[in-house]
Amino acid sequence: SEALNGVCHDHEEAGALDSLPTFLIDRTEVRINEYERCVEVGVCSEPDVGERCNWDVSGRGDHPVNCVDWNQALAYCQWKDGRLPYEAEWEKAARAGQP
């Protein structure tokens, strides 16, 4: 919002995302089946389990993996020859081209 520009950080002001270099980001979240392969080869560690976690729940292989921490997400991305998106990239992708 233009009305909030004086209150926002520079990278949050209108138009700040327009100057980002081109980047690629996956269209979907990482599914359990995909993350499981990284665990099987010993690169990634198993996510937490619990009431709200998908790991180790039968029939959820095509669901997004959750209950991973930042280090686990980083390890997976590096294993896939990628990286985690920067905050501004994530925001731009989430807006899907909308200002």
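Residues numbered from 1 in each chain as written. Predicted model: local features only at pLDDT ≥ 70, side-chain atom pairs only at ≥ 80, totals over all residues. Heavy atoms only, no water.

## Some details on the state of the cysteines
Logical step 1: Summed over the entire model, instances satisfying the criterion amount to two disulfides.
Logical step 2: Paired by a disulfide, C38 and C44 hold their sulfur atoms 2.0 Å apart. Looking along the S-S bond of the C38-C44 disulfide, the torsion reads about 70 degrees, which is the right-handed sense.
Logical step 3: Here C77 stays free of any disulfide, with the sulfur of C44 as its closest cysteine sulfur at 9.0 Å. (Disulfide = S-S within 2.5 Å.)

## Focus on the layout of surface pockets
Logical step 1: Approximately 920 Å³ is the volume attributed to the largest pocket.
Logical step 2: Taken together, 27 residues form the lining of the largest pocket, with I25, D26, C77, P85 and W90 sitting closest to its centre.
Logical step 3: In the lining of the largest pocket, the residues fall into 17 nonpolar, two polar and eight charged. (1 Å grid on protein atoms, 1.4 Å probe; cavity = no way out; pocket = protein on both sides within 12 Å on 5 of 7 lines; lining within 4 Å. Points joined across faces, edges and corners; volume = space filled by probe spheres on them. Nonpolar A, V, L, I, M, F, W, Y, C, P; charged D, E, K, R; others polar.)

## Some details on the side chain of E89
Logical step 1: Its place among the elements puts E89 in helix α3 (residues 87–95).
Logical step 2: A polar atom in the side chain of E89 sits 2.8 Å from the side chain of R83.
Logical step 3: A distance of 2.9 Å separates a polar side-chain atom of E89 from the backbone nitrogen of Y86.
Logical step 4: Ignoring anything within four residues of it in the chain, the contact list for E89 reads L20, F23 and R83. (Helix = DSSP H or I, 4+ residues; strand = E, 2+ residues; numbered from the N terminus. Polar contact = N/O pair within 3.5 Å; in protein donor to acceptor, adjacent residues only side chain to side chain. Contact = heavy atoms within 4.5 Å.)

## Some thoughts on unusual backbone geometry
Logical step 1: One non-glycine residue, D56, lies in the positive phi region at around 70 degrees.
Logical step 2: Relative to the elements of secondary structure, D56 occurs in the loop between α1 (32–40) and α2 (70–79).
Logical step 3: The exposure class of D56 is exposed, given its relative accessible area of 68%.
Logical step 4: Of note, the phi angle at C67 is positive, near 65 degrees, even though the residue is not glycine.
Logical step 5: Inspection of the secondary structure assignment puts C67 in the loop between α1 and α2. (Buried < 20%, exposed > 50% of the residue type's maximum accessible area, 1.4 Å probe, protein only.)

## Some words on the packing of aromatic side chains
Logical step 1: What the rule picks out here adds up to three aromatic pairs.
Logical step 2: On the numbers, 5.8 Å between centres and 50 degrees between planes, the contact of Y76 with W79 is tilted. With Y76 and W79 both in helix α2 and three residues apart, this pair spans about one turn of that helix.
Logical step 3: One aromatic cluster is present, formed by Y35, W55, Y76 and W79 through successive ring pairs. (Phe/Tyr/Trp six-rings, centres within 6.5 Å; stacked < 30°, edge-to-face > 60°.)

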